[in-house]
Structures are given as C-alpha cells and as structure tokens.
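# Coordinate analysis (summary)
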Amino acid sequence: MKRVLWGGVALCVLLLTGCAGREPENTILVRILAVDRVEVGLRLTAYSGVQDLGKTPGVCLTGEGDTLETALKALRTKGNGYPALTHMTQLVVGEGVPLQPLLESLVTGRETGYSATLWRVSGAAAEVLAGAKTPVERLEALEKNGGVPPPNILDGLVSLKREGQVALPVLLPAGEDLTRGGDRRGG
Amino acid sequence: MATPKSPPLFTVVGMVKSERVNDYVLRPMSQDETLARVSMGEAYDLMLAGALYNLTATRVSTVDSAVAAMIEGSCLLLFPGMAEGLLCSVATEEKRSVTAPQNEPAAKGAMDSFVESLRTNTSLVRRRLRAPTLKIKEQAVGRQTKTPVDLLYIEGIADLKIVRQAEKRLAEIDIDALLTAGELEQYLVDGSKTAFPLLPYTQRPDRFCTGLCEGRVGVLADGLPIGYLLPGTLGAFFKTEQDKSDGWMVAAVTGILRYLCVLVTLFLPAIYVAAVTFSPEMIPTRLMLSIIAAKQNVPFSTLFEVLIMLAAFEVLQEAGLRLPASIGQTMSILGGLVVGTAAVEAKIVSPAVLIAVALAGIAGYTVPNRDFAGALRLWRFLLAVAAGVGGLTAVVLTAAALLFHLAGLETFGVSYLTPFAANAGSQVEGHAVVQTPLPSVKYRDPTLNTENRRKQR
C-alpha cells in the first residue's frame, strides 16, 4: 500500500512539475544559424523567423564561446525560451570559420542533424543577415528559386572529406534583401 | 391442490404456467372417469402411462430432486401411501424473444442473437449445426443459483483436452451465484493479472457456430445472452462474421485497417507527447510552428493535457453507456463538440491534443470486442505517461513490455498471440490479418490442435 502511495505521489510530482521533456510553447525554433569567427572563438547568431504562424515576430539571439558547444550554451542563456536547432534550415558561415570541424560538430550534434543548407558570406555572417528585413523567408526563397540548390551540411562534409574543399554559394546583401552571388570553393 | 380424493399437487408460484397446470394436469384428473374410479396406486400407474395430457410425467423419489425439478418449473403430484411422486413439466416460457444482435450488427447476415434462455440458445445452435457430432454437456454452477452451463463442441473436430479442461474448470467453480458474465469468465480462465480479455464472446449464433466448426469449444450459460468460445486467442478478438460475408478483398482491407486502428488508438497520444516534448525534429517545421501557436497560453504540460483529454473521453463514454440511448447520444454530442470546442477556445487544451485524442478514441471503436478495446484504453494511458516521462525510448520500452505481457498469456494451453506467435514459423493458412479467399483455406488453425484439420476439399 505504501509503495502504491509513493508511486502515486511520484507520478503526481512528475506531472505537476512538468519535468517531462520540453514544452513547445517554451521553444524557439531556430531557422538560421550564422557562425562568425571572433577573438574568443565563435559567435553564433540564431534567427527564429516568425513564430506562432505570424503572431509573434522572429527573434535574434547571439552567443559566443571558444567552441561550438560553449557558444551554443551561451546562446541558450538568452531569450525567453529554449532555442532549438531541430528545425534549422539554413547555416550561414562567415569569413575565416574553419568549415570541417564546424560541420562535423553539427552532424554529430544531438539536435542539429545534417539537412540545413550551407551558405558562405564574405565578412561577418551576422552583419549580412542583420541588414535583411526577413532573412529566414528570403533565404528559403533563395534556396528554392536561386538556381542550383546549395549543398546541405552532409553534402558539404562529404565533399570536404573527399576533395578537401566544397563549393558554397556566397550570400550578398542587397539593401533590405539578400541575393545569391557566385560559388566559392574553400575548406 | 385438486379435490380431496385427488393427489395433492405442488408448484412453485411463478415458475409454472397456470393454463398448463389446469389443462394438462387438473382437467384430466377431474374429468377422467377412469381416474375417478381407481385407487391412488392405480391412478399413479395410469398417470405415469399417459393419463395426463402432459408431454412428460416422470417419477421422483427424493425430496431434493423433487424440489430442484419444481424450481425448474415442474409440478409435483404426491400419492398418499406411496414412496414416489410424479413430476409433470408445466414450466412457464416467459422469456425475451430472439431479436437482432445489438452489439454485432450485420448488414448481410443472420439477424438473430442469443437470449437469456439457455434452451433457446442451444436450439439456435442446433438449428445451424445439425450434425449428430455436436455435443452438449451440461453442469450446474452456483450454490444458490444452480445455473445450468452448457459446453458445446463438435466431436471429431474439437480438441478433447480443451473440453476436459473446461469441464474441470466448470466443476471447480464454487460460488454462491452465477448471474453475470464476469462471474463465469473470471473462474473459467485465470485473467486476474491482465486487462486483456481471455475469452472471446459473441451475441451471434452464426459466429458461435463458426467457432465450433473451427474447433473451438463453446460455453453457454443460462441468463447470459452471449456465447463464449474457447480458447481465446488474439486473432479471435479481431474477427467479425461480416468478414466472411464481405468480398475477400474488402475484408482483407478492413482487416488491415482494423489492426492499423489498434496501433493508432494505442500509440497516437503517446507518440504525440513524445514527439512534441522530446523529439520535435520528427515534426515538420510548419506543423511544429502550428503546435507552438496552439500551445500558447495553455496552462498545462502536454502530458497533462493529453491525460486530461483521455480521462474526459473515458468519462464521456462511461456516462453515455449508463444513460438511455437517446440521452446518451445527446450527451456525447454535447460533451464531444460543445465542451471540446469550449475547452480549446478557453485555452484549457490545445486543438492538436484534442485531435490526437479524438482520433485515438475513434480508432478504438473499430475493435470488434469491447473488452479488448477497454484493455487497449488502459495501456494507452500507460504509454502516454511513459511518453511524457521518457519520450520515444520509454514508449518503445513500454510497447516491448506490452508484447512481453501478451506473449506470456495463454488460455487452455493455447498462446494468446495466436496466430502471430504460436505457428512455429509456419505460414498461417486463411487470414491472420489479411483475409484470403475462403475456398483456398483448406485447413483449420493448427494451434487449436483440432482432431480433424481439413475443413474442405
């Protein structure tokens, strides 16, 4: 009887404290992750795009750290919710960021997966995206209608491992918009 | 009692039909001149030889058997100076007439169903199975009720070991009263450690007879308008008589659909909880955004929301069952539509949860057996809680536990997971899930250990 009672209490505690997974309303779906090289290591800038089907405007969070993991940790201390990388569709890599270690970390990451599209930026990725009005929507449109589709994280990593370099489309600012420049090979 | 010179007549009021007593017993006794002239002893012999208009007149020499027969609806004639009495069957036949089966309707099939009278039920079976090999063995169960319970099987087909086991189980039942289905089920099979029903039952005599022809053993009890088929196997709970009436292709698709619906009713709420809270990457971005939008301002966790809705669904269903049909329907509409919509608008639950739970609930109604659907509902709660605590990993572990539990069940020596687990790797002839054309099913299910396996050329 005591065991049943304690079991019931434990169940109630579990249910009432909500310590079961992460609730969707506390989640910020990151759609674009911009990675730049800074003095301490890496700076991540996450764009959520419009949340709640247009009801809440998108948010932009930044975090810095000497590795991708620490930068992500720093990123997650910002904002009103947990920035989840589960639905990241675009990865924009700034000047000077070593591509292979970054992609390897993302592919093996618990959340990130390998389907996000890769873009390169001459200069700081965060600055290029900051100039755009709706970077998420614009990047997704560029991916769909901008000619040959850019490689995703996995394609990029495979190419890097086989050939030592990968051709990535360069993202260029165009006023409040973004355009696609030519491909640039690099490692 | 008749005239002073006549033998005293005893009946149990309410168990006999007065007209029969008057016409078959009292009238010949008062009007037959021969009977009026002879002594009591001679009258006894004449009555036994047919002086009464009654179909049967039998001797009785003990008080116990006389009382038992009177309770069954006989009248007792006692002759002073004689050690024997005479029993004449004048039982009342007040009983519910045979009607269409309420719980197992058939669009194309017989429209009769079992009733509370055991004799009517055995006659319904006899009308269909005319073979002399159909055997009916009767036992009385219940110290106070002495309820007649019949075991039915076809000699030469059914496994006699199962018959003997069932007979033994029935003989061992030592209870005061056998009045409800549960009192028979719980003593006939040991189902105390499972929520799953171990005895498939049917209201339909045609389905009952199909079961007997498959090699199963039937059980009919007086007072219960259902027939049980032993042994209980998983496949038996998913069959309906309609499957054979439909074209085999339609029946095959319906069969697949039924099993899919079981998966939906069991796993949908759990997978929703696990996917939303633990594995959002499973959900497409647009849908995830929609779920996030719907979840804003809802005060409860996703797990709690799902449990509230599952509980509300159970409450509505239970309330609907306890009310008369017309009110029950109104209440279901009120509960399902009005309260559901209001709960979503009041941000008590999110619409996605409502949809997931409603789909799971509706899918559960495709299971033909109500007891089996009830067991699935219990496990649905458990899976949802597991999903909320440990995500998909916990769901998979709980599903494995369910499979483990089912694999450990058996009735009368036959595995509960038949036809999926007890065929020793051989192909099940006929249909486990997908029905094949009936002419191609030449043999009976081997797991039932039938004496004669071939059922057609």
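In this text the structure is predicted, and so the values were computed from the model without any measurement.

## Remarks on the overall build of chain A
When you go through chain A residue by residue, the secondary structure sums to six helices and nine strands. Out of the 187 residues belonging to chain A, those deemed buried represent 44%. Relative to all contacts within chain A whose residues are 6 or more apart in sequence, the contacts with residues 24 or more apart total 63%. Surface exposure of chain A reaches about 9400 Å², of which carbon and sulfur atoms provide 56%.

## Brief notes about the overall build of chain B
Scanning chain B for helices and strands turns up 15 helices and 11 strands. By residue count, 46% of the 457 residues in chain B fall in the buried class. Long-range pairs, those at least 24 residues apart, make up 64% of the contacts in chain B between residues at least 6 apart in sequence. Split by element, the accessible area of chain B, about 22700 Å² in all, is 61% carbon and sulfur. For chain B, the distance from the average site of its 42 positive side-chain charges to the average site of its 41 negative ones is 6 Å.

## Quick notes on the nonpolar core
With 73 residues, the main nonpolar core has B:Leu184, B:Phe196, B:Leu230, B:Phe372 and B:Tyr416 as its most contacted residues. No other element matches the 12 residues that helix α15 (residues 370-407) of chain B contributes to this core. Once you skip the residues sitting within four places of it in the chain, B:Leu184 turns out to touch B:Leu170, B:Ile173, B:Leu178, B:Val219, B:Ala221, B:Leu224 and B:Tyr228. If you look at the next biggest cluster of nonpolar residues, it comprises 28 residues, including A:Ile28, A:Leu44, A:Leu91 and A:Ala116.

## Remarks on a nonpolar patch on the surface
Taken together, the side chains of B:Ile256, B:Leu257, B:Leu260, B:Leu263 and B:Val434 define a hydrophobic patch exposed on the protein surface, amounting to about 430 Å² of accessible area. Judged by its relative accessible area of 40%, B:Val434 falls in the partly exposed class.

## Here we look at the pattern of salt bridges
As enumerated under the stated definition, the model contains 24 salt bridges over all chains in all. A salt bridge links A:Asp177 to A:Arg138, with the shortest nitrogen-to-oxygen separation between them at 2.6 Å. Of this pair, A:Asp177 sits in strand β9 (residues 177-186) while A:Arg138 sits in helix α5 (residues 135-145), placing them 39 residues apart in sequence. On the basis of relative accessibility, which here comes to 27%, the residue A:Arg138 falls in the partly exposed class. With its nearest N and O atoms 3.8 Å apart, the salt bridge here joins B:Lys135 to B:Glu155.

## Observations concerning the sheet that holds strand β6 (residues 147-154) of chain B
Residue and element names in this part refer to chain B. A sheet is described by the order of its strands in space; here five strands give the open sequence β5-β6-β8-β9-β7, paired in antiparallel fashion. Edge positions in the open sheet fall to β5 (134-141) and β7 (201-202), since each of these has one partner strand only. Docked against the sheet, helix α6 (residues 160-172) engages β5, β6, β8 (217-221) and β9 (227-230), running at close to 175° with respect to β6. Contacts between helix α7 (residues 181-188) and the sheet are confined to β8 and β9, with β9 contributing the most and set at about 15° to the helix.

## Quick notes on the confidence of the model for chain B
Residue and element names in this part refer to chain B. Averaged over all residues, the pLDDT of chain B equals 86, while 97% of them reach at least 70. For chain B, per-element mean pLDDT is lowest for helix α13 (residues 325-345), which scores 77, and highest for β8, which scores 95. As scored by the predictor, the complex reaches a pTM of 0.80 and an ipTM of 0.78.

## Some words on the sheet that holds strand β3 (residues 74-78) of chain B
Residue and element names in this part refer to chain B. On the basis of which strands lie adjacent, the open sheet formed by four strands has the order β1-β3-β4-β2 and antiparallel pairing. If you trace the sheet from one side to the other, it starts and ends with β1 (9-10) and β2 (57-60), each paired once. Strand direction decides the pairing type here: β3 and strand β4 (residues 85-89), joined by five bridges, are antiparallel. Residue Leu-76 lies in a different strand from β4, and its bridge partner there is Leu-87. Along the sheet, helix α3 (residues 40-51) contacts β2, β3 and β4; its crossing angle with β2, the most-contacted strand, is approximately 130°. Packed on one face of the sheet, helix α4 (residues 63-72) meets β1, β2, β3 and β4 and runs near 140° to β3.

## As for helix α6 (residues 153-163) of chain A
Residues and elements named next belong to chain A. By the burial criterion, the buried members of α6 are Ile-153, Gly-156, Leu-157, Ser-159 and Leu-160. When α6 is viewed along its axis, its buried side chains cluster within an angular range of 160° and face the same direction. Exposed residues on α6 whose side chains face more than 90 degrees from its buried face are Lys-161, Arg-162 and Glu-163. Elements that come into contact with the buried residues of α6 comprise β6 (90-93), α3 (99-108), β7 (117-121), β8 (166-174) and β9. At the C-terminal side of α6, Gly-164 shows a positive phi close to 80°.

## Things to note about the packing of helix α10 (residues 248-277) of chain B against α15(B)
Residue and element names in this part refer to chain B. Direction vectors running N to C along α10 and α15 enclose 40°, while the axes themselves pass 9 Å from each other. With respect to each other, α10 and α15 are oriented oblique. Our pair here, α10 against α15, has a crossing hand that is right-handed. Contacts between α10 and α15 involve Val-262, Thr-265, Leu-266, Phe-267, Pro-269, Ala-270, Val-273 and Ala-274 on the former and, on the latter, Leu-376, Trp-379, Arg-380, Leu-383, Ala-384, Ala-387, Gly-388, Gly-391, Leu-392, Val-395, Ala-399 and Leu-402. Each residue belonging to the contact of α10 with α15 can be placed in one class, and the counts come to 16 nonpolar, three polar and one charged.

## What about the state of the cysteines?
For the structure on display, the rule yields zero disulfides over all chains. Left without a disulfide partner, B:Cys75 is nearest to the cysteine sulfur of B:Cys88, which lies 4.6 Å away.

## Brief notes about the side chain of B:Thr418
All names here are of chain B. Along the chain, Thr-418 turns up in the segment after β11 (414-415). Overall, Thr-418 belongs to the buried group, its relative accessible area being 1%. Here the side chain of Thr-418 touches Ser-415 through a polar contact of 2.7 Å, landing on its backbone oxygen.

## Examining the confidence of the model for chain A
Across chain A, the average pLDDT comes to 82, with 88% of residues at 70 or higher. When pLDDT is averaged over each element of chain A, strand β2 (residues 32-37) of chain A comes out on top at 91 and helix α1 (residues 2-17) of chain A at the bottom at 65.

## Considerations on unusual backbone geometry
Residues and elements named next belong to chain B. A cis amide bond, omega -10°, links Leu-230 with the succeeding residue Pro-231. Examined against the element boundaries, Pro-231 turns out to sit in the loop between β9 and α9 (242-245). Phi is positive for Lys-347, close to 65°, though the residue is something other than glycine. Secondary-structure assignment places Lys-347 in the loop between α13 and α14 (351-364).

## Some thoughts on the environment of B:Ile291
With respect to the helices and strands, the residue B:Ile291 is situated in helix α11 (residues 285-295). Note on B:Ile291: relative accessible area 6%, which makes it buried. The sequence separation of B:Ile291 and B:Glu42 amounts to 249 residues, and the corresponding C-alpha distance is 93 Å. The contacts of B:Ile291, once residues within four sequence positions are left out, are A:Pro24, B:Tyr272, B:Val276, B:Ile283 and B:Ala352.

Thresholds applied
- Residues numbered from 1 in each chain as written.
- Chains lettered and ligands numbered in written order.
- Predicted model: local features only at pLDDT ≥ 70, side-chain atom pairs only at ≥ 80, totals over all residues.
- Heavy atoms only, no water.
- Helix = DSSP H or I, 4+ residues; strand = E, 2+ residues; numbered from the N terminus.
- Buried < 20%, exposed > 50% of the residue type's maximum accessible area, 1.4 Å probe, protein only.
- Contact = heavy atoms within 4.5 Å.
- Areas by Shrake-Rupley, 256 points an atom, 1.4 Å probe, with all protein chains shown as cover.
- Lys, Arg positive; Asp, Glu negative; His and termini not counted.
- Charge placed at Lys NZ, Arg CZ, Asp CG, Glu CD.
- Core = buried A, V, L, I, M, F, W, Y, C linked by side-chain atoms within 4.5 Å.
- Patch = residues over 30% accessible without salt bridge, like charges linked within 9 Å, V, L, I, M, F, W, Y side chains within 5 Å.
- Salt bridge = Lys/Arg side-chain N within 4 Å of Asp/Glu carboxyl O.
- Pairing = 2+ DSSP bridges.
- Axes fitted to C-alpha atoms, helices over the stretch in contact; angles between N-to-C directions.
- pLDDT = per-residue confidence, 0-100.
- Arc of directions from axis to C-beta.
- Parallel < 35°, antiparallel > 145°, perpendicular 65-115°, else oblique.
- Left-handed = near helix turned anticlockwise from the far one by under 90°.
- Nonpolar A, V, L, I, M, F, W, Y, C, P; charged D, E, K, R; others polar.
- Disulfide = S-S within 2.5 Å.
- Polar contact = N/O pair within 3.5 Å; in protein donor to acceptor, adjacent residues only side chain to side chain.

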